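# Survey of secondary and tertiary structure
The residues making up each chain are set out below.
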Protein chains: 2
Amino acid sequence: MNILEKINSQITTFSKSERKVAEVIIANPEQAIHSSIATLAKVADVSEPTVNRFCRRLDTKGFPDFKLHLAQGLANGTPYVNRHVDESDGPDEYCAKIFESTMAALDIAHRNLDIGQINRAVDILTQAKKISFFGLGASASVAQDALNKFFRFNVPVNCFEDIVMQRMSCINSTDGDVVVIFSHTGRTKPLVEIAQIARQNDATVIGLTAKDSPLGKECNMCISSDVPEDTDLYMPMASRIAQLVLVDILATGFTLRRGPKFRDNLKKVKDSLRPSRFEKKENLS
Amino acid sequence: MNILEKINSQITTFSKSERKVAEVIIANPEQAIHSSIATLAKVADVSEPTVNRFCRRLDTKGFPDFKLHLAQGLANGTPYVNRHVDESDGPDEYCAKIFESTMAALDIAHRNLDIGQINRAVDILTQAKKISFFGLGASASVAQDALNKFFRFNVPVNCFEDIVMQRMSCINSTDGDVVVIFSHTGRTKPLVEIAQIARQNDATVIGLTAKDSPLGKECNMCISSDVPEDTDLYMPMASRIAQLVLVDILATGFTLRRGPKFRDNLKKVKDSLRPSRFEKKENLS
DNA sequence: CTAAAAATGTAAAAAAATTACATAATTTAG
DNA sequence: CTAAATTATGTAATTTTTTTACATTTTTAG
């Protein structure tokens with residue numbers, strides 16, 4: 001794990017002085033790796049041994065070793081720390097923060113992902129007679145995206161934004177049908193209800209939602225991204241991105257399960273778009 | 001440039017002893033970053049100042065600084081490479097690959113992002129009388145997602161998946177209207193046409209698309225993510241994720257521009273959902 | 001072959017990091 | 001609420017590491 005993330009995740013376990021050190025480092029890791037222990041101690045307003053203890057607590061051999069780890073973390077593209085957008089941020093800053101926190105969220109989602117569940121979900125999907133994707137609000141576009149992928153697989157699929165249509169569709173479902181429901185919180189009442197209806201009609205319900213949520217409990221199986229709630233601007237952000245990546249994963253799993261011949265089919269679907277597009281210019285140089 | 005490459009490229013200019021140092025480092029850079037100058041000097045069979053001079057010659061401040069650079073170079077050696085999903089991959093592998101390549105794509109998008117363009121786009125959006133979001137295929141769900149964010153801002157917004165509706169909407173547009181068009185390739189003919197129509201009717205057209213594409217050229221301004229085309233499974237994957245993050249960024253920019261009072265409004269929108277949700281259980285432990 | 005220049009090493013100085021221990025702050029048990 | 005115990009933090013000394021200054025050796029040019 002990136003040492004910066006490690007600092008962030010353990011920051012609550014630190015003592016007051018250690019936290020000061022952590023904050024200084026997080027605020028400017030670039031500077032930290034070019035400072036001596038004395039400088040850093042002064043900036044953080046603590047003693048040098050405190051900085052040293054801080055380093056040891058993070059399972060490094062000492063300050064120089066810590067700097068090495070930090071340097072590697074920084075080099076790895078991005079110090080994706082969950083930094084929150086601030087009122088005073090300029091465009092540079094909020095862009096960086098949004099990219100970084102999105103990547104951090106994906107990293108968390110990856111770590112928490114139960115691969116066994118993915119595999120089982122792929123099983124279920126490949127055997128489905130019909131697949132329905134439902135979501136509301138921000139999750140509605142995730143459902144639509146899922147539709148855009150799975151319709152290519154030559155399986156009957158559908159996707160409704162309208163809760164009434166969703167209900168009717170679920171009432172009509174039968175054994176062998178699969179209903180995939182997207183909801184970050186898992187607490188949206190109408191979706192919990194359609195999960196119940198679908199199950200009562202023998203459909204298999206897969207929830208891309210929080211594990212212990214009301215919706216999660218109604219589903220036959222549940223794939224959870226465990227990405228923390230987006231609180232920044234009262235809008236879903238990283239959570240729906242994580243859901244989309246899960247859609248990609250399910251679609252990929254589906255494709256691989258079907259073998260190489262199936263992939264040729266996908267190519268055909270894609271190639272069918274060509275007439276509606278302008279030709280790509282080849283290098284004429 | 002990676003410092004290891006630099007050593008390699010300059011090795012001919014080194015003196016005999018310096019070359020010994022270089023060889024020891026190249027042979028085992030991992031070990032080098034965990035050695036003291038004394039150890040390294042002994043292994044290379046040279047004196048300590050020679051090692052120091054070697055470091056300086058490579059434009060570093062000294063031995064510790066050199067190790068920092070080396071550490072970064074090593075970390076950069078295994079960045080998240082765009083690893084492609086392979087026929088024989090098990091669930092562990094394809095999950096990891098998809099997460100990693102998505103993150104790599106976001107990293108690229110971030111690096112290539114023209115922040116000035118973002119800022120100008122935010123300008124335009126905050127001053128819009130009406131905002132329309134259009135996309136087709138996978139980009140349709142991106143457009144829908146954008147709608148889901150921007151409708152909260154109390155600006156007239158719309159979003160159609162239907163190309164005919166898109167056309168009609170553009171024909172009706174006037175000065176002060178903003179049309180945002182999503183297309184990864186920028187070569188989808190109908191979208192290029194609606195961009196033309198919109199501009200002929202004095203709307204401002206923002207393209208989230210490739211810079212030099214036919215669509216890009218028709219737009220008043222163009223925000224490009226420069227994420228490489230997804231070739232894995234003939235389906236759009238990372239590219240649309242990058243677009244969504246750009247949507248987040250524009251929405252965030254919009255919000256920040258409007259100031260703190262505006263954020264209270266957003267909170268209200270979010271809170272309005274509460275009655276439709278099951279209560280979140282508080283810790284009862 | 002000799003003188004100058006360059007390269008390398010030795011040893012001392014400086015800087016940095018670490019340790020041992022003392023003091024202060026906080027928590028816990030009574 | 002107080003006193004003991006624990007934990008956290010800092011001071012100062014020690015050790016390690018790096019750097020500098022300078023001496024010696026090696027190389028090169030005439």
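## Quick word on the overall build of chain A
- Looking only at helices and strands, chain A has 14 helices and 5 strands in total.
- Taking 2.2 N^0.38 as the reference for a compact globule, 285 residues should give roughly 19 Å; the C-alpha atoms of chain A span a radius of gyration of 24 Å, well beyond that estimate.
- The C-alpha extent of chain A, read off along each of the three principal axes, is 70 × 60 × 35 Å.
- The proportion of buried residues among the 285 residues of chain A is 54%.
- The contacts of chain A with a sequence gap of at least 6 include a subset with a gap of at least 24, amounting to 66%.

## Side note on the protein's contact with DNA strand C
- Taken together, 17 residues lie around DNA strand C, and I37(A), N52(A), R56(A), S15(B) and S17(B) are the ones closest in.
- What you see for DNA strand C is that sugar and phosphate hold 76% of its atoms within 4 Å of the protein.
- K16(B) places a polar main-chain atom, nitrogen or oxygen, 3.4 Å from a phosphate oxygen of DNA strand C.
- In the environment of DNA strand C, a phosphate oxygen lies 3.0 Å from a nitrogen or oxygen atom belonging to the backbone of S47(B).

## Comments concerning the domain arrangement of chain A
- Split into domains, chain A comes out as domain 1 (3-79) and domain 2 (115-269).
- Here the C-alpha centroids of domain 1 of chain A and domain 2 of chain A sit 42 Å apart.

## A few points about the sheet that holds strand β3 (residues 177-182) of chain A
Residues and elements named next belong to chain A.
- The strand order across the open sheet built from 5 strands is β2-β1-β3-β4-β5, with neighbouring strands paired in parallel fashion. Edge positions in the open sheet fall to β2 (157-160) and β5 (221-223), since each of these has one partner strand only. Across the sheet, the mean angle from the axis of one strand to that of its neighbour is 20 degrees, orientation sign disregarded.
- As paired strands, β3 and strand β4 (residues 204-208) are joined by 5 bridges and run parallel to one another. Residue I181 lies in a different strand from β4, and its bridge partner there is G207.
- Sheet contacts for helix α8 (residues 115-126): β1 (130-135), β3, β4 and β5; angle to β5, the most-contacted strand, approximately 125 degrees.
- Across the sheet, helix α11 (residues 189-200) lies against β1, β3 and β4, angled at about 170 degrees from β3, the strand it touches most.

## Details of the environment of N2(A)
- Structurally, N2(A) is set in the segment before α1 (3-10).
- Linking N2(A) and D65(A), residues 63 residues apart in sequence, is a C-alpha distance of 14 Å.

## A short note on the nonpolar core
- Of all hydrophobic cores here, the largest spans 98 residues; its most connected members are I118(A), I223(A), I249(A), I118(B), I223(B) and I249(B).
- By size, the runner-up hydrophobic cluster in this structure holds 51 residues, among which are I11(A), V46(A), F54(A) and V21(B).

## Side note on the interface of chain B and chain A
- Opposite the 89 residues of chain B that make contact, chain A presents 86 residues.
- One can count 4 salt bridges joining chain B with chain A.
- For R240(B), the salt bridge is made with D145(A), and the minimal N-O distance between the two is 2.6 Å.
- At the boundary of chain B with chain A, the tally comes to 14 residue pairs in polar contact (both at pLDDT 80 or more).
- Broken down by secondary-structure element, the contributors of at least two residues to the side of chain B that touches chain A are α6 (63-77), α7 (91-112), α8 (115-126), α9 (138-150), α11 (189-200), α12 (214-218), α13 (238-258) and α14 (260-271) of chain B.

## Concerning the side chain of Q117(B)
All names here are of chain B.
- Tracing the sequence through the fold places Q117 in helix α8.
- There is a polar contact of 3.0 Å between the side chain of Q117 and the backbone oxygen of C222.
- Among residues more than four places away in sequence, those in contact with Q117 are M221, C222 and I223.

## Description of the pattern of salt bridges
- All chains considered together, the criterion is met by 22 salt bridges over all chains.
- The partner of K149(A) in a salt bridge is D248(A), with the nearest N and O atoms 3.3 Å apart. Remark: D248(A) occurs in helix α13 (residues 238-258) and K149(A) occurs in helix α9 (residues 138-150); sequence separation between them is 99 residues. Like D248(A), K149(A) is buried.
- Here E18(B) makes a salt bridge to R57(B), at a shortest N to O gap of 3.0 Å. Residue E18(B) is located in helix α2 (residues 16-27), and its partner R57(B) is located in helix α5 (residues 48-57); the two are separated by 39 residues in the primary sequence.
- Look at R57(B) and you get partly exposed, because its relative accessible area is 41%.

## Some points on the sheet that holds strand β5 (residues 221-223) of chain B
Residues and elements named next belong to chain B.
- Judged by pairing direction, the sheet is parallel, and its 5 strands sit side by side in the order β2-β1-β3-β4-β5 without closing on themselves. Only two strands of the sheet have a single partner each, and these edge strands are β2 (157-160) and β5. Shown here is a sheet whose adjacent strand axes are inclined to one another by a mean of 20 degrees, direction ignored.
- Pairing between strand β1 (residues 130-135) and β2: 4 bridges, direction parallel. Paired with F133 across the strands is C159, a residue of β2.
- Against the sheet, α9 engages β1, β2 and β3 (177-182), with an angle of about 155 degrees to β1.
- Along the sheet, α13 makes contact with β3, β4 (204-208) and β5, crossing β4 at roughly 135 degrees.

The rules behind each value
Every chain's residues receive numbers from 1 upward, in the order its sequence appears when written. As a convention, the first chain written is A and the first ligand written is 1, with the rest following in written order. Reporting of local features is limited, given that this is a predicted model, to residues whose pLDDT is at least 70; pairs of side-chain atoms are given and counted only at 80 or more, and all residues count toward the totals for whole chains, interfaces and linings. Water and hydrogen atoms were dropped before computing side-chain values, which therefore reflect all heavy atoms in the structure. Put simply, DSSP H or I for four residues or longer makes a helix, DSSP E for two residues or longer makes a strand, and each gets a number counted from the N terminus. Here the globule rule reads 2.2 Å times residues to the power 0.38, and the radius of gyration is calculated from C-alpha atoms. To sort residues, take the accessible area from a 1.4 Å probe on protein chains only and compare it with the maximum for the residue type: under 20% means buried, over 50% means exposed, and anything in between is partly exposed. In what follows, residue pairs with any heavy atoms lying within 4.5 Å of each other are defined as contacts. One heavy atom suffices: a residue is near a molecule or strand as soon as one of its heavy atoms comes within 4 Å of it. Between N or O atoms, a polar contact is any pair within 3.5 Å; within protein, one atom must be a potential hydrogen donor and the other a potential acceptor, and residues adjacent in sequence are included only when both atoms are from side chains. Domain extents, as shown, originate in an automatic or database domain assignment. Strands qualify as paired when DSSP identifies two bridges or more between them. Only the stretch in contact is used when fitting a helix axis, every axis being a line fitted to C-alpha atoms; angles between N-to-C directions are given from 0 to 180 degrees. By nonpolar core we mean a set of buried residues, namely Ala, Val, Leu, Ile, Met, Phe, Trp, Tyr and Cys, connected to one another through side-chain atoms within 4.5 Å. Put simply, a salt bridge is a Lys or Arg side-chain nitrogen that is within 4 Å of an Asp or Glu carboxyl oxygen.

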